[in-house]
Structures are given as C-alpha cells and as structure tokens.
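Fold and contact review
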Amino acid sequence: MTALHATEPASVHLAARARVPSSTVDEVEDALYGSRTLVKQTAMRQTLFAVTRELLPAVLGGPAARVAGTLRPRIARDLERSGVTGDGPGWLAAACEEVHGLLAGAELTAPEVRAALPATDVTIDRSPGTRWGATVPVLPQVLWLLSAEGRVVRAGNAAHWRLSKPRWTTSAAWLGEVPEPLDARAAHAEVVRHWLHTFGPGTEEDLRWWLGGTLGTVRGALADLGAVPVALDGTDALGWLLPDDLDPVAPADPWAALLPTLDPTVMGWRGRAFYLGGHGPALVDTAGNAGTTAWWDGRVVGCWVQDEDGVVRLGIRERVPAAARRALAEEAERLAAWVDHVRVTTIYVSPGMREAAG
C-alpha cells in the first residue's frame, strides 16, 4: 500500500485489518512498536504515515525533507512574530538540540518534554489572520520538525491503540541507526515508483496532490522511472503506469470492504470520481479528507459508523444488490468483533457519517 495514513492511530490498525483480515490488534502494535517493521513518519503533505523500514530512506530524502524545509523557516518566523525572540532561526536551532539531547536516552511524551525543558515551553501564534490561526505551544512544532528531519521518531503510544499519545525518542535509539536519506531526486523517484505500483494508473495531478510536491518533481520522477502514459476511461487526462505493469488485469469477483477514515486507498488519488461517483460531498470534506467508506465491487456505496455499544452500522447511499447488502452486513459484524466492540472515534466525521449515526 506504499504507506498507511497514521494521523489517527486507529486508521493504521483498521487499514491493515481490511487487507489482512487474519491480523490482530496486537500484531499491528508489534509491527509499530515491537519488531518496528513499520515507522510512523511525517511525510507527504505534512501528514503522518506508517511506512516500512525499507521505504524510510526515500521518504526522508524526498517528501519529509520537503516538509522540514517548509517547517523550519515557518516556525522561526512565528517565534519572531510572537515576540518570543528576535532570532527565530537561532532560538529554534538551540531548542532542537536541547530536545534531541533530552530524548537521546529517554522515551517521553510531549508534555513530559515540555516539563523537562521549561525554557522552551513557550507559545507562538501560528498562521495569524487565517481560519487556521491559533496560539499553540512551540514544543510540539519542534518535535514535528525533528521528526520530518528524521532525527526523532514516535517510539510508542502511552494510550489505547485507538488514541494518540505518542512517546518520543531519537531515531538512533529506536531504530538502532539513523537512516541515511536518499538524495532528493532518487528519493522522489522511489516514492513515486511505489505509488505507481499501488495506485497506477494515475494522473500527474493525482501524484502531485498525494506527494505534496511540485509538478516538476512529479514529471522528473516519471521520466526517471520511464513511466508509460496510458488513456483513462471517462477522461481526456493521461494516466501513468510503470513500464513493467502494462498487462491487463483480470476482473475480480465482487467484494465488500469497510475502510477507516483517511484510508490509503480512498486517499490515493486526487481525482476520485471513478470510485466515489456522486458521493464525494457526503463522504469527503473540502480539504480532501475522507471519512469511513463502505465498498462494493470496487466502488464506494456509503459509509459506516458505530453506536454506543460499538456495533457497526452501515450508511448505504445507493441501491445495491441484495448480495452486496448481505456481504457488507457480514463485514460489519466481523469489524465489530475485531475491535472487540470498542468504539473508535474520529475527528473526520463526514456528513454521510452524521446522517448514518442519526
């Protein structure tokens, strides 16, 4: 899947379960925090993903480095604009070293880091004058920056698997080494190669949006990979495939799936009409963030929610065959049993989810 969205911790577990139904919560937890075959990393579009150890050097050298290059000057400007210091870059550099040094021998939550370093426990005005503007503590921003730079990682979760309370430590301590990032061009080509393997065919705009990069970066990566342009049904836009991925795909038997908020498949493309149909406004917000989705035979047909007892309820938004309703109802029962009827909450509640919840 290239990477699993991890902005909400439960999305990792539920996305893994949707593709490997035999998996358990404990096995996903082990992949993240035991064997550490998956690493939570700030990456594409300044978003948190769970990526494999093998892909980490490419993610660090490409999308994450781009995020870090944006974050560092922005935080420095916010420090100066908020009156914290007259030397934003210098203050931020010193804070980064203090935090990194503290975490070199410890696994701490953000509040614990703030308590240990009171001189850096200050607030800044972020994006003043915009609807995203807020007064926020700077230390979470520092941790975010150090994560994008590959210097610190989320070492564990101090809360239930469906809640976010990360512990932090250095990459060297958690991974046994500091991963060496690929150079930017090779890194983007490798990430795009994985995307094409997972999501191709897709358009340049799909890739630019998913990657959080520029059109030039996308085109450079496609050229380096020798990607092949192909026609897409129902549109004049060109899609792209890897040169060894041109064989026709045999049709699959009808299948049902219940995917979580920010699932990597739902979030894989910028243009989503081919699987969302007319359901986009009900299931995806204006920023492109998707709520839960119910799938039948390759298309989204609705969403799902849980009641107070953790029972999974369906919000089917179109006429579907009786076989589809049965298959989705059975999947809802399996999902409720998998989470042990624990209610998984989300901040990405779509209009369709609100309607399904009554």
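Higher on the page you've got the structure.
Residues numbered from 1 in each chain as written. Predicted model: local features only at pLDDT ≥ 70, side-chain atom pairs only at ≥ 80, totals over all residues. Heavy atoms only, no water.

Side note on the packing of helix H9 (residues 204-211) against helix H10 (residues 215-225)
Our working definition: For every element, the axis is a line fit to its C-alpha atoms; helices are fit only across the contacting stretch, and the angle between N-to-C directions ranges from 0 to 180 degrees. Secondary structure is summarised from DSSP: a helix means a run of H or I of at least four residues, a strand means a run of E of at least two, and numbering begins at the N terminus for each. Should an angle fall under 35 degrees it is called roughly parallel, over 145 degrees roughly antiparallel, and 65 to 115 degrees roughly perpendicular, with every other angle called oblique. When the near helix sits turned anticlockwise from the far one by under a right angle, the crossing is termed left-handed; a clockwise turn instead gives a right-handed crossing. Two residues form a contact once any of their heavy atoms are found within 4.5 Å. Under the grouping applied here, Gly and all other residues not named as nonpolar or charged are polar, the nonpolar ones being Ala, Val, Leu, Ile, Met, Phe, Trp, Tyr, Cys and Pro and the charged ones Asp, Glu, Lys and Arg.
Look at H9 against H10: their axes get within 9 Å of each other, and the N-to-C directions meet at 115°. Classed by the angle they form, the pair H9 and H10 counts as roughly perpendicular. For the pair H9 and H10, the sense of crossing is right-handed. Side by side, H9 and H10 meet where Glu204, Leu207, Arg208 and Leu211 of the first sit next to Leu215, Thr217, Val218, Arg219 and Leu222 of the second. Tallied by class, the residues present in the contact of H9 with H10 amount to 5 nonpolar, 1 polar and 3 charged.

A look at the pattern of salt bridges
Two side chains that carry opposite charge are able to pair once their charged atoms sit near each other. Keep this limit in mind: By definition, a salt bridge exists where a carboxyl oxygen of Asp or Glu is found within 4 Å of a side-chain nitrogen of Lys or Arg. Exposure categories follow from relative accessible area, calculated using a 1.4 Å probe and restricted to protein chains: below 20% of the type maximum is buried, above 50% is exposed, and the middle band is partly exposed.
Taken as a whole and judged by the stated rule, the model has 14 salt bridges. Among the ionic pairs, Arg17 bridges to Glu331, the shortest N-O distance being 2.7 Å. Taken together, the positions of Arg17 in helix H1 (residues 9-19) and Glu331 in helix H13 (residues 322-338) put the pair 314 residues apart, joining distant regions of the chain. Assigned by exposure class, Arg17 and Glu331 land together as buried. Between Glu149 and Arg72 there is a salt bridge, with its nearest N and O atoms 3.0 Å apart. Taken together, the residues Glu149 in the loop between helix H6 (138-148) and strand E7 (152-157) and Arg72 in helix H3 (residues 56-81) connect sequence positions 77 residues apart. Residues joined by salt bridges that share partners form a network here, namely Arg17, Glu331 and Arg334.

Here we look at the sheet that holds strand E4 (residues 108-109)
What counts here: Only strands joined by at least two bridges in the DSSP assignment are considered to pair.
On the basis of which strands lie adjacent, the open sheet formed by 3 strands has the order E4-E8-E7 and antiparallel pairing. Of all the strands in the sheet, just E4 and E7 have a single pairing partner and so form its edges. Across 5 bridges, E7 lies against strand E8 (residues 166-170) in antiparallel orientation. Residue pairing across strands places Val153 opposite Thr169, the latter belonging to E8. Of the strands in this sheet, E7 and E8 are in contact with H6, which crosses E7 at around 110°.

Re H10
Of the positions making up H10, those classed as buried are Val218, Gly220, Ala221, Leu222 and Leu225. The elements touched by buried residues of H10 are helix H8 (184-199), H9 and strand E10 (238-241). Once H10 finishes, Gly226 follows within two positions and takes phi at roughly 65°, a positive value.

Details of the sheet that holds strand E12 (residues 293-296)
Strand order in this open sheet of 4 strands is E11-E12-E13-E14, and the pairing throughout is antiparallel. Each end of this open sheet is capped by a strand with a single partner; those strands are strand E11 (256-259) and strand E14 (312-316). Geometrically, the sheet is characterised by an average inter-axis angle of 30° between neighbouring strands, direction not taken into account. Relative to E14, H13 is tilted by about 150°, and along the sheet it contacts E11, E12, strand E13 (299-306) and E14.

Here we look at the pairing of E8
Bridging between E4 and E8 involves 2 bridges; their strand directions are antiparallel. Bridge pairing in E8 links Thr109 to Arg167.

Topic: H13
Quick reminder of the rule: To estimate how far a helix should extend, the number of its residues minus one is multiplied by 1.5 Å.
With 17 residues, H13 should reach 24 Å at 1.5 Å per residue; the first-to-last C-alpha distance of 24 Å fits that figure. Tucked inside the fold, the buried residues of H13 contact H1, helix H2 (25-34), E11, E12, E13 and E14.

Focus on the environment of Asp297
Take Asp297: it is sitting in the loop between E12 and E13. Its relative accessible area of 39% is what places Asp297 among the partly exposed residues. Put simply, Asp297 and Glu190 are 107 residues apart on the chain and 30 Å apart in space, counted from C-alpha to C-alpha. In contact with Asp297, other than residues within four places in its own chain, are Ala252, Asp253, Pro254 and Trp255.

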